[in-house]
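Report on the structure
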Amino acid sequence: MQISDILKPEAVRVFGAASSKKRLFQEIADVAQLAYGLSSQTTVEALLDRESLGPTGVGHGVALPHARLDGLDKVVGAFVKLDNPLEFGAVDRQPIDIAFALFAPEDAGVEHLKALALVSRTLREQSFCTKLRANPDPATLYTILTENQSVQAA
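The rules behind each value
- Residues numbered from 1 in each chain as written.
- Predicted model: local features only at pLDDT ≥ 70, side-chain atom pairs only at ≥ 80, totals over all residues.
- Heavy atoms only, no water.
- Helix = DSSP H or I, 4+ residues; strand = E, 2+ residues; numbered from the N terminus.
- Expected span 1.5 Å × (residues − 1).
- Buried < 20%, exposed > 50% of the residue type's maximum accessible area, 1.4 Å probe, protein only.
- Contact = heavy atoms within 4.5 Å.
- Axes fitted to C-alpha atoms, helices over the stretch in contact; angles between N-to-C directions.
- Parallel < 35°, antiparallel > 145°, perpendicular 65-115°, else oblique.
- Left-handed = near helix turned anticlockwise from the far one by under 90°.
- Pairing = 2+ DSSP bridges.
- Phe/Tyr/Trp six-rings, centres within 6.5 Å; stacked < 30°, edge-to-face > 60°.

Concerning helix α2 (residues 21-36)
- For α2, which comprises 16 residues, the first-to-last C-alpha distance of 22 Å matches the rise-based estimate of 22 Å (1.5 Å per residue) to within 8%.
- Within the span of α2, buried status applies to Leu-24, Phe-25, Glu-27, Ile-28, Ala-29, Val-31, Ala-32, Ala-35 and Tyr-36.
- Those residues of α2 that are buried lie in contact with α1 (3-6), β1 (7-15), α3 (40-51), β5 (76-86) and β6 (96-105).
- Backbone geometry just after α2 places Gly-37 at a positive phi near 75 degrees.

Re the packing of α2 against α3
- In the contact formed by α2 and α3, the axes pass within 8 Å of each other and the chain directions differ by 135 degrees. For the element pair α2 / α3, the angle class is oblique. Here α2 and α3 pass one another in a crossing that is right-handed. For the pair α2 and α3, contact is made by Lys-21, Lys-22, Phe-25, Gln-26, Ile-28, Ala-29, Asp-30 and Gln-33 and by Ser-40, Thr-43, Val-44, Leu-47, Leu-48 and Glu-51, respectively.

Overview of the environment of His-112
- Relative to the assigned elements, His-112 resides in helix α4 (residues 110-123).
- It is 12 Å that separates the C-alpha atoms of His-112 and Pro-65, two residues lying 47 residues apart in sequence.
- What His-112 contacts, discounting residues up to four positions off in sequence, is His-66, Arg-68, Val-75 and Ala-104.

Describing the pairing of β6
- Counting buried residues along β6, 10 of its 10 residues qualify, which places the element largely inside the surrounding structure.
- In terms of strand pairing, strand β3 (residues 62-63) meets β6 through two bridges, oriented parallel. Each residue of the ladder has a partner; that of Val-62, found in β6, is Ile-98.
- For β5 and β6, the ladder comprises seven bridges, and the chain directions are antiparallel. From the neighbouring strand, Phe-79 faces β6, where its bridge partner is Phe-100.

Considering the packing of aromatic side chains
- The full count for this structure, using the stated rule, is two aromatic pairs.
- Geometrically, the ring pair formed by Phe-25 and Phe-88 is edge-to-face, given 6.0 Å between the ring centres and 80 degrees between the ring planes. Of this pair, Phe-25 sits in helix α2 while Phe-88 sits in the loop between β5 and β6; the two residues are 63 residues apart in sequence, bridging distant segments of the chain. Here the two residues Phe-25 and Phe-88 agree in accessibility, since each one is buried.
- Considering the side-chain rings of Phe-79 and Phe-100, the 6.0 Å spacing of their centres and the 70 degrees angle between planes classify their relative orientation as edge-to-face. Within this pair, whereas Phe-79 is found in strand β5, its partner Phe-100 is found in strand β6, the two being separated by 21 residues in sequence.

Written out as structure tokens, the structure reads:
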């Protein structure tokens, strides 16, 4: 599995700011609706439900919100970069400016975990995140996200 398997170019966005975690989830849900046809309202509710179990802010300015949704046949993702970091309740108490959301079918099983591990491993690299933070163009961000995978796989 590679990031290009779960992320479409149109699911990569840059936003100036989000006023709250719920607002960020709304932005992510809007991206997922446009890119994958997911219900925006259902997506926000699923993200909030998952977040209530524990924060998905993994540290170093990165969040990996995720949820299971009806109507999907494979794991899909949405990447959002914020120009202004958001207090998110991350494990290291630092605000986040990178969010990679994953949406999986209700019965995804191991595929959901593989996708989460892939994204987590990719965004754990500080130099990689620095490169993402330095680029404001969604097309460039998509290229960085998907090219990195082939470098790591080699």
